[in-house]
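Listed below are the residues making up each chain.
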Amino acid sequence: TSMRYNRLYKDNNFLTPTTYTQELSEYAEGLKYEDLPPEVVERAKMIMLQTVGAALAAKGTPIYDRIMKMAREANGGSGGDTTVWGAGEKLAAVNAALVLGTATDALDWEDCSWTGHPSAGIIPCAWLAAEERHKSGKDLITAIVTGYEVYQRIAMAVQPSDERWKKKGWGLTSWQIFGCIQPVAKLYGFDARKINQAIGMGCECSTLPVAYHATTMSDFYHYEHGYRARDGFVIAKAVEKGIHNQRDALDEPRCYTGVICGDDGSNGSGETTIRSGEADLTWLTRDLGKRYLIMETLLKHWPANMWVQTPVELIKDMSERHGFGAGDIEEIVVDPPVKGRMWAPDEGFTSVTHAQFSIPFVIASWLRDPNPGAHWYTAEKMKDPKTIALAKRVKFGDSPEESPMSSFKMFREERGYPMKTVTVTLKDGTRYEGKMDCHPGHPKNMMSREEFSNRFRVQAAPALGDKELEKALEVLCNIESVEDISALAGLLG
């Protein structure tokens, strides 16, 4: 039984076993499309639309082209059961997942939960598994929701303390693997025992949360999402072929929660605590089936880091309302500024990630070209003297810098968002001020289907012609009517 594997010993004292992994697995196995509230189905579809659009927007970028070459080489050339969005090329699912996981995150234009970018794994893996196994649109939606509910609870259970993330980093691509495993497991028809095994394999294959890319601003950050998507398929296929003795890993602190969060799980009294070091294990089954965490996910309006969104939105609103442009700007003040998001180096930006994390650069990019997309992040644009000069006009406000992690706490615990004030001074001395907390795409200010559709039109334009784009939009918004996802092989380029 599940309980047998959870017996822990410390100083010869029996520690009360838990059954979190099995409970979570049974929930995942049992979830049905008919269980889902209409608003949850709609949110899953809009997240899918946004995520597919983000991947299509990356077509032709160096990141997309490189990962496509890597996957094709790993595949031994073209051929397979699944289709790479934007390329129209068939590859084996494991290699297509490598491409689409990377492409989805390449422009940082997908979702952002309290813990990372689950859609970069959940959406490609769910779609590819549905295509590979000839599943329906309803099956696809159910797998997406299951992926979010399982991923977010595991990710929350192992969130580090402030001190730990300062010393070790915040490993959002560490727990990303669970969002990649679960939709494949669901669409492969795994029972709870096999889902439990797959989660255990994810624990073994999860990277440690060092987040080196956050220090170096390396574009490897984007490739990591593709690696996790690939691994989600590899793990699911291994379980399907037969793996034993890998169950209940979330209940054994030495296996995952304790390694990530740094404790043996004991409170010294012979009882297992609900908190393994910094891990809060109660998150693993909290409000399952009652509180859909997919509804608390943020969708980005712009191809940029999460904390860049609100200042850019304010600049857009003020510019459109008052009619000023890039050439009119004397100074822009962001208050409070965000730590690690206010850089504008004289020599320009060294990577796409470096630029995506810069409030000044993205503001300058919008002012010079209000049509967002991959063209903001070409090597030439990231070092363009005019764009850099405009970015350097974006200044710190007087308030202390806000930490991204403290803002995540606010997003998670209060379900709100930091209030930002942006003050624009024009060369003629005119001043405008705007304030905003929850920008479009925040759960408290979610975009409408029409707004998502318009954003998809912008995102997908590099990959699809006008007629193809509208057809794709129609199908994606009504995906529950599709009987076999494999029939859509040519839909997305």
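Regarding its fold elements, the protein chain presents 19 helices and 12 strands. Its C-alpha atoms give the protein chain a radius of gyration of 23 Å, within 12% of the compact-globule value 23 Å for 493 residues. In terms of principal-axis extent, the alpha carbons of the protein chain reach across some 75 × 55 × 40 Å. Each charge class in the protein chain was averaged separately, 57 positive and 67 negative side chains, and the resulting centres sit 2 Å apart.

Let us look at the layout of surface pockets. A volume near 680 Å³ is recorded for the largest pocket. Along the walls of the largest pocket sit 31 residues, with W165, A214, R341, F357 and P404 positioned nearest its centre. Residue assignment for the lining of the largest pocket shows that the elements contributing at least two residues are α7 (162–168), α10 (213–216) and α17 (404–413). Residue classes in the lining of the largest pocket are distributed as 16 nonpolar, nine polar and six charged.

Attention now goes to a negative patch on the surface. A grouping of E23, E26, E29 and D191 is seen on the molecular surface, where their side chains present a negatively charged patch. For E29, the position within the fold is in helix α1 (residues 20–30). The exposure class of E29 is partly exposed, given its relative accessible area of 39%.

On to the sheet that holds strand β11 (residues 420–426). Read from one edge of the open sheet, four strands run β10-β9-β11-β12, paired in mixed fashion. Single-partner strands in this sheet number two, and they are β10 (394–396) and β12 (431–436). Between one strand and the next, the sheet's axes are offset by a mean angle of 20°, whatever the strand orientation. Pairing analysis gives six bridges linking β11 to β12, with the strands arranged antiparallel.

This brings us to the state of the cysteines. If you walk through the whole model with that rule in mind, you get zero disulfides. A disulfide-free cysteine, C205 has its sulfur positioned 9.5 Å from the sulfur of C203, the nearest such atom. By relative accessible area, which is 38% here, C205 ends up partly exposed.

Further remarks concern the packing of aromatic side chains. The full count for this structure, using the stated rule, is 14 aromatic pairs. Relative to W175, the ring of W170 lies with its centre 6.4 Å away and its plane at 65°, an arrangement referred to as edge-to-face. Exposure remark for W175: the relative accessible area of 1% places this residue in the buried category. Where W307 meets F408, the ring centres are 5.1 Å apart and the plane angle is 80°; that geometry is what we call edge-to-face. With W307 in the loop between β8 (298–299) and α13 (309–322) and F408 in helix α17, this residue pair connects regions lying 101 residues apart in the sequence. Overall, W307 belongs to the buried group, its relative accessible area being 6%. For F408, a relative accessible area of 5% gives the class buried. Ring pairs connect the aromatic residues W170, W175, W307, F408, F411 and Y417, which therefore count as one cluster.

With 21 residues, helix α6 (residues 137–157) extends 31 Å between its outermost C-alpha atoms, agreeing within 8% with the 30 Å of an ideal straight helix rising 1.5 Å per residue. Burial within α6 is extensive, with 19 of its 21 residues counted as buried.

It helps to recall that an α-helix has 3.6 residues per turn; residues three or four apart then point in one direction. Listing the buried residues of α1 in full gives Y20, T21, Q22, L24, S25, Y27 and A28. Against α6, α8 (176–187) and α9 (192–205) lie the buried residues of α1.

To continue, consider the pattern of salt bridges. Under the defined criterion, the tally for this structure stands at 24 salt bridges. One continuous salt-bridge network, built from bridges that share partners, spans E132, R133, K237, E240 and K241.

Turning next to the packing of α8 against helix α11 (residues 220–241). For any two helices packed against each other, one specifies the crossing angle of their axes together with the interaxial distance. Running from amino to carboxyl end, α8 crosses α11 at an angle of 40°, the nearest separation of the two axes being 8 Å. With respect to their mutual orientation, α8 and α11 come out oblique. You can see that α8 and α11 cross each other, and the crossing is right-handed. Together, Q176, I177, C180, I181 and V184 of α8 and H225, R228, A229, D231, G232, F233, I235 and A236 of α11 make up the contact between the two elements.

What follows covers the side chain of E313. Tracing the sequence through the fold places E313 in helix α13. With no salt bridge to any partner, buried E313 finds its closest opposite charge in K316, at an N-O distance of 4.4 Å. Non-local contacts of E313, meaning those with residues more than four positions away in its chain, are made with H301, W302, M436, H439 and P440.

Here we take up the pairing of strand β9 (residues 329–335). As paired elements, β9 and β11 share six bridges and run antiparallel to each other. Its bridge partner being in β11, I332 is matched across the sheet by V424. Taken together, the three bridges between β9 and β10 define a ladder with parallel strand orientation. Residue pairing for β10: I332 is matched across the bridge by V394.

Glancing now at the nonpolar core. What tends to happen in soluble globular proteins is that the nonpolar side chains get buried as a cluster. The biggest cluster of nonpolar side chains holds 166 residues, and the ones touching the most others in it are W127, I144, W175, F233, Y377, F456 and I479. Discounting chain neighbours no more than four positions away, the residues touching W127 are M48, W85, L140, L476, I479, I485, L488 and L492.

To continue, consider the packing of α6 against α8. Running from amino to carboxyl end, α6 crosses α8 at an angle of 145°, the nearest separation of the two axes being 8 Å. Handedness of the α6/α8 crossing: right-handed. Only Q176, F178, G179, Q182, P183, K186 and L187 of α8 make contact with α6, whose side of the interface consists of D139, L140, T142, A143, T146, G147, V150, Y151 and I154. Here the residues of the contact of α6 with α8 are counted per class, giving eight nonpolar, six polar and two charged.

In this section: the environment of L100. The topology assignment puts L100 in helix α4 (residues 93–106). Classification of L100 as buried rests on a relative accessible area of 0%. Spatially, the C-alpha atoms of L100 and G86 are 9.5 Å apart, while their sequence positions differ by 14 residues. Those residues within four positions of L100 in sequence are excluded, and the remaining contacts are T83, V84, W85, P124 and L128.

Rules behind the numbers
- Residues numbered from 1 in each chain as written.
- Predicted model: local features only at pLDDT ≥ 70, side-chain atom pairs only at ≥ 80, totals over all residues.
- Heavy atoms only, no water.
- Helix = DSSP H or I, 4+ residues; strand = E, 2+ residues; numbered from the N terminus.
- Rg over C-alpha atoms; globule rule 2.2 N^0.38 Å.
- Lys, Arg positive; Asp, Glu negative; His and termini not counted.
- Charge placed at Lys NZ, Arg CZ, Asp CG, Glu CD.
- 1 Å grid on protein atoms, 1.4 Å probe; cavity = no way out; pocket = protein on both sides within 12 Å on 5 of 7 lines; lining within 4 Å.
- Points joined across faces, edges and corners; volume = space filled by probe spheres on them.
- Nonpolar A, V, L, I, M, F, W, Y, C, P; charged D, E, K, R; others polar.
- Patch = residues over 30% accessible without salt bridge, like charges linked within 9 Å, V, L, I, M, F, W, Y side chains within 5 Å.
- Areas by Shrake-Rupley, 256 points an atom, 1.4 Å probe, with all protein chains shown as cover.
- Salt bridge = Lys/Arg side-chain N within 4 Å of Asp/Glu carboxyl O.
- Buried < 20%, exposed > 50% of the residue type's maximum accessible area, 1.4 Å probe, protein only.
- Pairing = 2+ DSSP bridges.
- Axes fitted to C-alpha atoms, helices over the stretch in contact; angles between N-to-C directions.
- Disulfide = S-S within 2.5 Å.
- Phe/Tyr/Trp six-rings, centres within 6.5 Å; stacked < 30°, edge-to-face > 60°.
- Expected span 1.5 Å × (residues − 1).
- Contact = heavy atoms within 4.5 Å.
- Parallel < 35°, antiparallel > 145°, perpendicular 65-115°, else oblique.
- Left-handed = near helix turned anticlockwise from the far one by under 90°.
- Core = buried A, V, L, I, M, F, W, Y, C linked by side-chain atoms within 4.5 Å.

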